[in-house]
Structures are given as C-alpha cells and as structure tokens.
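Structural characterization, general
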Amino acid sequence: MKNLSTVKALLIVDVQNDFCPGGTLAVPEGDQVVPVINQLINQFDIVCASKDWHPNETIHFDRWPVHCVADSLGADFHPKLNLDSLDQILFKGTSNQDDGYSAFEATNINLTQWLKQKEVKELTIVGLATDYCVKASALDAIDQGFKVVVHQEAVRAVNMDPNDGKHAMIEMKQAGVEIV
Ligand SMILES: [Zn+2]
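Notes on the structure follow. Not measured: the values here are computed from a predicted model. (Residues numbered from 1 in each chain as written. Predicted model: local features only at pLDDT ≥ 70, side-chain atom pairs only at ≥ 80, totals over all residues. Heavy atoms only, no water.)

Looking now at the overall build of the protein. Looking only at helices and strands, the protein features five helices and six strands. If you list the helices and strands of the protein from N to C, you get β-α-β-α-β-α-β-α-β-α-β. The globule rule puts the C-alpha radius of gyration for 180 residues at 16 Å, and the 15 Å found for the protein is close to it. C-alpha atoms of the protein, sized along the principal axes, occupy 45 × 30 × 30 Å. Split into buried and exposed, the 180 residues of the protein put 49% on the buried side. (Helix = DSSP H or I, 4+ residues; strand = E, 2+ residues; numbered from the N terminus. Rg over C-alpha atoms; globule rule 2.2 N^0.38 Å. Buried < 20%, exposed > 50% of the residue type's maximum accessible area, 1.4 Å probe, protein only.)

Next comes the structure, spelled out in structure tokens:
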C-alpha cells in the first residue's frame, strides 16, 4: 500500500530527439540525461513526461530553429529513454501562438489537477533544458504548491549564454526548488 501523504511524481521534460545531439535544437550533452533518468525512474509512484509538440508554423519558430513538430521523428522521445512506467504524456506548445516552455502549459491535460488528484506532494523534475523548459516547469510547480526537486545530473542547459544554466539553477533555488 502506498502512503498517500508521500506520493512522489517524476516529471521528465522534453527528452526528445530534436533536443539531443543530432537534433535541430540540440542541447549540449542532452542525451546524457537518459541513463540517469532510467536509473531514477523506479523510485517514483507516478511518472509523466512532457513533449514539445509544435505546429508547422508558429511564432515560436521566429525565435528558435524548427524543432519538435507534432508527429515528426524529432518530436519522438529519445529511443533509449525507459518509458515502461510512463503514466501520462503532456503535450505543450501546441498552438501557433504558444511557446509552451512549462509542462504546466500542457494543452491535453491540466497537469496541476492531474497531480493533485493523485495526491502528489513532491514533484521531481528532470530533462531538457535547464534554462528554459525545466526552469519554467519548476517555477510553475512551486507556484502550484508542490515541493519541487531538480536533479542536477539529470538536466542539461542550452547555454546560449554560457552561464544560463547556472543562473537558472540559482533562480530555481531562490524560488524554493531543492537541487540535488
Ligand atoms: Zn519548442
């Protein structure tokens, strides 16, 4: 029997081909989060994973190279990511006006409601990229009242500016995110 007061959820953010080396918006070492996540995944009662899921044309591509177009190979999860215990996929950035950085902006489900229905108190966030979607998801999770943990071994940053990842970690910590 699970003790409902300690239900722990894992949120895997955007571990998709286009964000890994060889993809159209590759995060340096993006694929290196995969074995770390595969090791962590069994420690959680509930597992959800977000997908950047863009239309062919969107204002989002004014800022970024075309990536993670819905139903494309680039939008698939990294092939080595173990998703056996995946409970829910979260699609975000689905409209042509929507950056969808945060998994809490998923359009196929209300993530806050879904987690609260399952009595989740603590949400661990891993994936790509530290300075965009991981950060946005972590800050939203804090705003929604969850205890939030980010695994620094299981995230990587875009680092358009070389310190963006570091700054994102500091910003998350200041907002109350536990970095482990
Ligand atoms: Zn995107």
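On to helix α5 (residues 164-174), then. Where α5 is concerned, the buried positions are G165, A168, M169 and M172. Mapping the buried residues of α5 onto a view down its axis gives an arc of 100°, with all of them on the same face. Residues K166 and Q174 are exposed on α5 and point more than 90 degrees away from its buried face. Those residues of α5 that are buried are in contact with α4 (130-143), β5 (147-156) and β6 (178-179). Following α5 by one or two positions, G176 adopts a phi angle in the positive range, close to 110°. (Arc of directions from axis to C-beta. Contact = heavy atoms within 4.5 Å.)

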